[in-house]
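Residue-level structure breakdown
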Amino acid sequence: MKAVGFNRPLPVSDEGCLLDIELPAPELKERDLLVEVCAVSVNPADVKVRAAHTPAEGQYRILGWDAAGVVKAVGSGVQNFQVGDEVYYAGVINRPGSYAQLQAVDERIVARKPRSLNFAQAAALPLTSLTAWETLFDRLDVNRPVAGGSRALLLVGGAGGVGSITIQLLKILTDIQIIATASRPESEAWVRALGANFVINHHHNLPEQIVKLGIGAPSWAFSTNHSERYLPQLAELLSPQGRIALIDDPRTLDANPLKGKSISLHWEFMFTRPLRETADIARQGEILDKVAHLVDEDRLKTTATHILEGINAANLRRAHQMVERGDMIGKVVLAGWNG
């Protein structure tokens, strides 16, 4: 089968950073689906691993944690899918990824793709939808009020893939006011169109901008990037006993500013459930199923903003460059193996 992999960490400017290769089809475990991959999207996680990981001598690492495709075979213990089902999923970091024509994936973290979307549109959704959903409802527990805090959430980095889904889920499923950060006219327009109630600039003082909104101290904050920079400001502006979640990878994080207000800090790592095979691993498939229903009810929109025709090394290098710039609005997707 065709695949795109790498065998040493190289900058994205080097053509050797991602290579077109041929591999045997994967073998299935008992609960696995064999999926013919029709579309993939590129996330910051792809870029981070490509730039830092060194595969074993003579081996290639296959990246990719977002995919939509068609089930071609099922393992002996599969219960919920059959050959021919159209599915979407985010995979797991300790197995070969979706930059391949065929991928083996545990059925418990898979769902049937939204019927109203094509494969490219669907491939933009899994990782960011899972991250946003788990952050809001499993980590921050936004359905549990903070005593004295305003029903408002500050989202640092509103225009990216995760932020774009977070705004929509809050708008659809809660009555929480959404304060999104954006620094460019196009990103501000994007987050407003998705449903943000307020937009502030993350390059300026956050507490001062929050006070000017006149809505009181927010109960929750969700930081998608540069959390070590923003944490002191979040501690200042949040309500006492508020809750903060983050998804990035700060080298160090000083949590001491949170103590005076008893603010809790929550990490979200979307791969925890499949990587650790937690007792509730199937919740990821259930979340993706709920997301698909919201899409098919025309309540949730795909965040695919750039679609490249052809899953190959050249296009994936281009997609990695787009993500590395750090100014993405929405998601970049690649579709089909003929390009």
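Residues numbered from 1 in each chain as written. Predicted model: local features only at pLDDT ≥ 70, side-chain atom pairs only at ≥ 80, totals over all residues. Heavy atoms only, no water.

**Description of the overall build of the chain**
Condition: Elements are defined by DSSP. Helices are runs of H or I of four residues or more, strands are runs of E of two residues or more, and each kind is numbered from the N terminus. Put simply, the radius of gyration uses C-alpha atoms, and a globule should come to 2.2 Å times the residue count raised to 0.38. Burial here depends on accessible area, computed with a 1.4 Å probe over protein chains only, as a share of the maximum for the residue type. Under 20% is buried, over 50% is exposed, and the range in between is partly exposed. Residue contacts are defined here by distance: any two heavy atoms, one from each residue, within 4.5 Å place the two residues in contact. Each accessible area is a Shrake-Rupley estimate made with a 1.4 Å probe; only the visible protein chains count as cover when residues are assessed.
Assigned secondary structure in the chain consists of 10 helices and 15 strands. Taking 339 residues into account, the globule formula puts the C-alpha radius of gyration at 20 Å, and the chain, at 20 Å, falls close to it. The principal-axis extents of the C-alpha atoms in the chain amount to approximately 60 × 45 × 35 Å. The buried share among the 339 residues of the chain stands at 56%. Within the chain, counting contacts between residues at least 6 apart in sequence, those at least 24 apart form 71% of the total. Total accessible area on the chain is roughly 14,500 Å²; 48% of this is exposed by carbon and sulfur atoms.

**Quick notes on the packing of helix H1 (residues 44–52) against helix H10 (residues 313–324)**
Between two packed helices, what matters for the description is the angle formed by their axes and the separation of those axes. We count it as follows: Angles here are taken between N-to-C directions and fall from 0 to 180 degrees, while the axes themselves are lines fitted to C-alpha atoms, restricted in helices to the stretch in contact. In these notes the angle categories are as follows: under 35 degrees is roughly parallel, over 145 is roughly antiparallel, 65 to 115 is roughly perpendicular, and the rest is oblique.
Remark: H1 packs on H10, axes separated minimally by 9 Å, with the N-to-C direction vectors making an angle of 105 degrees. The pairing of H1 with H10 is recorded here as roughly perpendicular in orientation. Contacts between H1 and H10 involve Pro-44, Asp-46, Val-47 and Arg-50 from the first element and His-320, Val-323 and Glu-324 from the second.

**A few points about the sheet that holds strand S8 (residues 150–156)**
Stated precisely, the cut-off is as follows: Two strands pair under a simple rule: DSSP has to find at least two bridges between them.
The sheet built from 6 strands is open, its strands ordered S10-S9-S8-S11-S12-S13 with parallel pairing. Each of the sheet's edge strands pairs with one partner strand only, and the pair in question is strand S10 (198–200) and strand S13 (264–267). On average, adjacent strands in this sheet sit at an angle of 20 degrees to one another, irrespective of strand direction. Pairing of strand S12 (residues 243–246) with S13 involves 4 bridges; the strand directions are parallel. Residue Ala-245 lies in a different strand from S13, and its bridge partner there is His-266. Here helix H6 (residues 206–213) sits on the sheet in contact with S8, strand S9 (177–181), S10 and strand S11 (218–223), set at roughly 150 degrees to S10.

**Examining the nonpolar core**
Here is the rule we go by: Here, the term nonpolar core denotes a set of buried Ala, Val, Leu, Ile, Met, Phe, Trp, Tyr and Cys residues that are joined through side-chain atoms within 4.5 Å.
With 93 residues, the main nonpolar core has Tyr-88 and Leu-153 as its most contacted residues. Counting 18 residues, the second-largest nonpolar core is a separate cluster that includes Leu-154, Ile-210, Leu-237 and Leu-258.

**Here's the deal with the packing of H6 against helix H7 (residues 227–237)**
How we decide: Put simply, a crossing is left-handed when the front helix is turned counterclockwise from the back one by less than a right angle, and right-handed when it is turned clockwise. Gly falls in the polar group here, along with every residue not listed as nonpolar (Ala, Val, Leu, Ile, Met, Phe, Trp, Tyr, Cys, Pro) or charged (Asp, Glu, Lys, Arg).
For the pair H6 and H7, interaxial distance at closest approach is 8 Å and the crossing angle is 30 degrees. When the axes of H6 and H7 are compared, the pair comes out roughly parallel. Relative to H7, the crossing made by H6 is right-handed. Here Leu-206, Pro-207 and Ile-210 of H6 lie close against H7, whose contacting residues are Tyr-230, Gln-233, Leu-234, Glu-236 and Leu-237. Looking at the contact of H6 with H7 residue by residue, the class counts come to 6 nonpolar, 1 polar and 1 charged.

**Re helix H3 (residues 126–139)**
Definition in use: In a helix, the anticipated span is given by 1.5 Å times the number of residues less one.
The terminal C-alpha atoms of H3, which comprises 14 residues, lie 18 Å apart, in line with the 20 Å expected from a rise of 1.5 Å per residue. Where burial is concerned, most of H3 is hidden: 12 out of the 14 residues are buried. Every buried residue belonging to H3 is among Pro-126, Leu-127, Thr-128, Ser-129, Leu-130, Thr-131, Ala-132, Trp-133, Glu-134, Thr-135, Leu-136 and Phe-137, and all of these are buried. After H3 finishes, the residue Asp-141 shows a positive phi value of roughly 50 degrees.

**A word on the environment of Pro-274**
Within the secondary structure, Pro-274 sits in helix H8 (residues 272–276). Considering only alpha carbons, one finds Pro-274 and Ala-90, 184 residues apart in sequence, at a separation of 9.9 Å. Setting aside chain neighbours within four positions, we find Pro-274 in contact with Gly-91, Val-92, Ile-109, Ile-281 and Gln-284.

**Concerning the packing of aromatic side chains**
Using the following cut-off: Note on aromatic contacts: the rings of Phe and Tyr and the six-membered ring of Trp form a pair at centre separations within 6.5 Å, being stacked when their planes are under 30 degrees apart, edge-to-face when over 60 apart, and tilted otherwise. Should the NZ of a Lys or the CZ of an Arg lie within 6 Å of a ring centre and within 35 degrees of the ring normal, that charge is described as sitting over the ring.
Counting across every chain of the model gives 3 aromatic pairs. Ring geometry for Trp-65 and Phe-271: centres 5.9 Å apart, planes at 65 degrees, overall edge-to-face. Placement of the pair is Trp-65 in the loop between H1 and strand S4 (67–74) and Phe-271 in the loop between S13 and H8, with a sequence separation of 206 residues. Phe-271 matches Trp-65 in its accessibility class, with the two residues each being buried. Between Phe-269 and Phe-271, the ring centres sit 5.6 Å apart and the planes meet at 75 degrees, which makes this aromatic pair edge-to-face. Put simply, the rings of Trp-65, Phe-269 and Phe-271 pair up and form one aromatic cluster. Between Lys-113 and the ring centre of Phe-119, over which it is positioned, the NZ or CZ distance is 5.2 Å.

**Some words on the pattern of salt bridges**
We count it as follows: What counts as a salt bridge is simple: a side-chain nitrogen of Lys or Arg found within 4 Å of a carboxyl oxygen of Asp or Glu.
Taken as a whole, this structure holds 23 salt bridges when the rule is applied. Salt-bridge contacts for Arg-139 lead to Glu-134; the nearest nitrogen and oxygen are separated by 3.8 Å. For Glu-134, a relative accessible area of 0% gives the class buried. With its nearest N and O atoms 2.8 Å apart, the salt bridge here joins Arg-151 to Asp-175. You can see Arg-151 sitting in strand S8 and its partner Asp-175 sitting in the loop between helix H4 (161–173) and S9, a full 24 residues away along the chain.

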